[in-house]
Amino acid sequence: MDLFHNLGVGFGVALTVGNLLYCFIGVLLGTLVGVLPGIGPVTTVAMLLPFSFTLPPESALIMLAGIYYGAQYGGSTTAILVNIPGEASSVVTTIDGHKMARAGRAGPALGIAALGSFFAGCVATVLITMAAPPLAMIALQFGPAEYFSLMVCGLVAAVVLARGSVVKAIGMVILGLLFGLVGTDVNSGVRRFDFGFTGLADGIEFVALSMALYGLSEIAVNLEKNGEDEAGEVAHIGNVWPSWADIRYCFPSILRGTGLGSILGVLPGGGALIAAFAAYTLEKKIAKPPRRFGDGDIRGVAAPESANNAGAQTSFIPMLTLGIPSNPTMAMMIGAMMIHGISPGPRVMTERPTLFWGLIVSMWIGNLMLVVLNLPLVGMWVKLLRIPYRMLFPAIVIFCCIGAYTVNSSVFDIYVMAFFAIFGYLCIKLDCEPAPLILGFVLGPMLEENFRRAMLISRGSAMVFLQEPISLAFLIAAAALLIVVAMPAIRAKREVALQEE
Amino acid sequence: MQNLLRSKDFWSGIMFLAFALTGIVVAHGYAMGTSNKMGPGYFPVALSLILGALGLVLVVRAFFIEGEALSRFRLLPLILMTIGVVVFGFTIEQYGLVVATVLTIVIACLAGRESGWIEVALIAFGLAAFSVIVFHTLLMLPLQVWPDF
């Protein structure tokens, strides 16, 4: 069996002492930033990108991935105990989770969140193992026209799921694509948009840009708000192991959450956030008896927490098989691969099997570590909630500076970061989401390259994108998505849905 | 008019237009090529045109639909933090990690305004020590630690 052979390769990589350690560091950091409000997995992955270069690519990706799914576990702790979502994807968990905590049932809420996440993590890992090889096989057949249309479709989906105005989100995608074109053009050798700076010859440094947008500009916005949102009363925890009755009662919800989360994670633009919200909405509609949602129903914790973990993990599928990021964290994983000289796409699986399977197996191991980290040690995490933001943000600033500098030992990248920090602040003030921009930035060069190649093959006829059936299908899907968001009824729903984030 | 100048949509449109205009002006200098064999200017100009159109839509729409108004700007934290980052860039190569870290943190803490001087000193020296141990000693990144005279 190929599958077992592949998994064997994966275990061989993931179970080395070094990689176990990096996996542990990843999930530990992930839990930490998940628990702390005000710093999230995207910021953390951005901050650690430059420091992961010193590691072999396998270890680097294993650690960065651990941060992302680890944060989904940590986020629920804060949501349940203090009624503040530690992560955006835990927002809906606060609704029933904190009610449970106030009724003295914080323990079972935390327990079911961790166990549900673990179950979802295991299922999602199996799903990746099964879905990735055939997807990569299909993607290998894609020519430049198909690739171009696939990327367009992915970017449109990212737009649809961004908050706020669709026009602004498309604008941010285009702006990201343009930023991605800065630097030497591979075909002609012309240096584009370098404004006379030699430091821009290799383009805008991805690390500097992402740390500016997800680290520094968020700090500026947070500092602007007067006074700190003090963490309120921390609820008493008690026994964290849920009873059998609780588990039996929740099991259907965990299953539904896992299923829905897995599907939403794969879709471009998806991931943990949308998965959690959709799962909660679904539970409210179909769970029987529906009586207690919003009033401390344990299923209202189980479903979204399973869903966000499933979604976090299955969002690796398009990233690993197609090289298409579905959310900013995945964009950073792609950035990490590129910095290690690996070009993302369907070839990664065949050319770097140790990286591919090692990463997947490490997710399962990481999930196991997370249950241990989160259930018995939850008390320790709670203490961290007392770290005030005024002591946290100087650390973020300094890590961003050191990170931006050490990628290329270039002072210029620090100034690039400073520039984009101001730009990012303006964007946040104008309600222009940075997520579409980062996705566009990563895809910019690939999009141009495939566009050029497709047009070259078709001798300059743009009809090629409509004549190739697969390409046409992607474009129709993209157009359909755009039309759907533009419809007033759906628009109203989307606004309500994304408002609650 | 008052509302227009406070509209988020309006200023987003202006920002897009500004970037689009820069894109077109700069990329105009690159060879355009033909749709068959595209030059380095083709794709950026095409993107800039789309961006400009989107910016125009936002600006025009802001005249008719009253969107959300800008919240108040408090620029001091942003400016101080950015100065801190730039100071790090100025000092890291000549004066080393310790000096750069302490200076940057002191400036960044001014942006926070909530820490007392003793706390600032503790954070600054604590983080400087942490950075040296983790980034220089453990990760062996190419960083100068002490000033270079």
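Residues numbered from 1 in each chain as written. Chains lettered and ligands numbered in written order. Predicted model: local features only at pLDDT ≥ 70, side-chain atom pairs only at ≥ 80, totals over all residues.

Visitor: I'd love a proper account of the overall build of chain A, names of residues and values included.
Guide: Counting its regular elements, chain A contains 23 helices and 2 strands. By the compact-globule yardstick of 23 Å for 501 residues, chain A fits well, its C-alpha radius of gyration being 22 Å. Seen along its three principal axes, the alpha-carbon backbone of chain A occupies a region of about 70 × 55 × 45 Å. (Helix = DSSP H or I, 4+ residues; strand = E, 2+ residues; numbered from the N terminus. Rg over C-alpha atoms; globule rule 2.2 N^0.38 Å.)

Visitor: Describe the overall build of chain B, with residues and values.
Guide: Along chain B, the regular secondary structure elements total 4 helices and 0 strands. Mapped in sequence order, the helices and strands of chain B form the string α-α-α-α. The C-alpha radius of gyration of chain B comes to 23 Å, more than 25% above the 15 Å expected for a compact globule of 149 residues. In terms of principal-axis extent, the alpha carbons of chain B reach across some 55 × 45 × 25 Å. The 149 residues of chain B split such that 40% are buried. Contacts spanning at least 24 positions in sequence make up 61% of the contacts within chain B whose residues lie at least 6 apart. (Buried ≥ 20, exposed ≤ 12 C-beta atoms within 10 Å, placed from the backbone. Contact = placed C-beta atoms within 7 Å.)

Visitor: Talk me through helix H4 (residues 57–82) of chain A; I want residue IDs and the actual numbers.
Guide: Residue and element names in this part refer to chain A. A rise of 1.5 Å per residue sets the reference length of H4, with its 26 residues, at 38 Å; its end C-alpha atoms lie 37 Å apart and thus fit the reference within 8%. At Ala-71, H4 shows its strongest bend, of approximately 30 degrees. With 26 of 26 residues buried, H4 lies mostly within the body of the structure. Directly beyond the C-terminal end of H4, a positive phi value near 70 degrees is found at Asn-83. (Expected span 1.5 Å × (residues − 1). Bend = angle between axes of the 7 residues up to and from the residue.)

Visitor: A description of the interface of chain A and chain B should follow, citing residues and the corresponding values.
Guide: Counting residues at the interface gives 52 residues for chain A and 60 residues for chain B. If you list the elements that add at least two residues to the side of chain A that touches chain B, you get helix H8 (166–181), helix H9 (206–224), helix H18 (389–408), helix H19 (411–429) and helix H20 (434–457) of chain A. The element contributing the most residues to the side of chain A that touches chain B is H18(A), with 11 residues. When its residues are assigned to classes, the side of chain A that touches chain B shows 36 nonpolar, 6 polar and 10 charged. (Nonpolar A, V, L, I, M, F, W, Y, C, P; charged D, E, K, R; others polar.)

Visitor: Break down unusual backbone geometry for me, citing the residues and quoting the values.
Guide: Residue and element names in this part refer to chain A. In the Ramachandran plot, Phe-195 falls in the positive-phi region, its phi being about 45 degrees despite a non-glycine side chain. As for its position among the elements, Phe-195 is in the loop between strand S2 (191–192) and H9. With a phi close to 45 degrees, Ser-409 is a non-glycine residue in the positive phi region. On the secondary structure map, Ser-409 appears in the loop between H18 and H19. Residue class for Ser-409 comes out exposed when judged on the 12 C-beta atoms lying within 10 Å of it.

Visitor: Outline the packing of H8(A) against H20(A), listing residues and values.
Guide: Residues and elements named next belong to chain A. Relative orientation of the contacting elements H8 and H20 amounts to 50 degrees, with a least axis distance of 6 Å. Between H8 and H20, the angle falls in the class oblique. For the element pair H8 and H20, the recorded crossing hand is right-handed. Between H8 and H20, the contacting residues are Ala-169, Met-172, Val-173, Ile-174, Leu-175, Gly-176, Leu-177, Phe-179, Gly-180 and Leu-181 on the first element and Pro-436, Leu-437, Ile-438, Leu-439, Gly-440, Phe-441, Val-442, Leu-443, Gly-444, Pro-445, Leu-447 and Glu-448 on the second. Residues belonging to the contact of H8 with H20 are distributed by class as follows: 17 nonpolar, 4 polar and 1 charged. (Axes fitted to C-alpha atoms, helices over the stretch in contact; angles between N-to-C directions. Parallel < 35°, antiparallel > 145°, perpendicular 65-115°, else oblique. Left-handed = near helix turned anticlockwise from the far one by under 90°.)

Visitor: Residues and numbers for helix H1 (residues 8–27) of chain B, please.
Guide: Its 20 residues place the ends of H1(B) 28 Å apart at the C-alpha level, agreeing with the 28 Å of an ideal helix rising 1.5 Å per residue. For H1(B), the set of buried residues is B:Lys8, B:Asp9, B:Phe10, B:Trp11, B:Ser12, B:Gly13, B:Met15, B:Phe16, B:Phe19, B:Ala20, B:Gly23 and B:Ala27. Close packing links the buried residues of H1(B) with H8 and S2 of chain A together with helix H2 (42–64) of chain B.

Visitor: Explain the environment of A:Ala336 residue by residue, including any values.
Guide: Residues and elements named next belong to chain A. Checked against the element boundaries, Ala-336 lands in helix H14 (residues 328–339). Here the alpha-carbon distance between Ala-336 and Val-207, two residues 129 residues apart in the chain, equals 9.1 Å. When sequence neighbours within four positions are dropped, the list of residues in contact with Ala-336 reads Leu-49, Ser-52, Ala-60, Leu-61 and Leu-64.

Visitor: Outline the nonpolar core, supporting the account with residue identities and numerical values.
Guide: Membership of the largest hydrophobic core comes to 218 residues, with the highest contact counts inside it found for A:Met211, A:Leu216, A:Ala275, A:Val397 and A:Met417. Ranked by residues supplied to this core, first place goes to helix H6 (residues 106–140) of chain A with 17 residues. (Core = buried A, V, L, I, M, F, W, Y, C linked by C-beta atoms within 7 Å.)

Visitor: Report on the packing of helix H2 (residues 17–35) of chain A against helix H16 (residues 353–374) of chain A, specifying residues and quantitative values.
Guide: All names here are of chain A. Running from amino to carboxyl end, H2 crosses H16 at an angle of 55 degrees, the nearest separation of the two axes being 9 Å. In this view, H2 runs oblique relative to H16, as classed from their interaxial angle. As for the relative orientation of H2 and H16, their crossing is right-handed in sense. Residues Asn-19, Cys-23, Phe-24, Gly-26, Val-27, Leu-28 and Thr-31 of H2 lie in contact with H16, whose contacting residues are Gly-358, Ser-362, Ile-365, Gly-366, Met-369, Leu-370, Leu-373 and Asn-374. Looking at side-chain class alone, the contact of H2 with H16 contains 8 nonpolar, 7 polar and no charged residues.

Visitor: I'd like a description of the domain arrangement of chain B, backed by residues and values.
Guide: Entries for chain B in the domain assignment read domain 1 (2–64) and domain 2 (75–138). The straight-line distance from the C-alpha centre of domain 1 of chain B to that of domain 2 of chain B is 38 Å. (Domains from an automatic or database assignment.)

Visitor: Describe the confidence of the model for chain A, naming the residues involved and giving the relevant values.
Guide: Of the residues in chain A, 92% have a pLDDT of 70 or more, and the chain-wide mean is 83. Across chain A, the element-wise mean pLDDT spans from 57 in helix H23 (residues 488–499) of chain A up to 93 in H19(A). (pLDDT = per-residue confidence, 0-100.)

Visitor: Could you give an account of the environment of A:Ser89, naming the residues involved and the relevant values?
Guide: All names here are of chain A. Note on placement: Ser-89 falls in the loop between H4 and helix H5 (91–102). When the C-alpha atoms of Ser-89 and Ser-52 are compared, they prove to be 25 Å apart, with 37 residues separating the residues in sequence. Ignoring anything within four residues of it in the chain, the contact list for Ser-89 reads Gln-72, Gly-75, Ala-272, Leu-273, Ala-276 and Asn-308.

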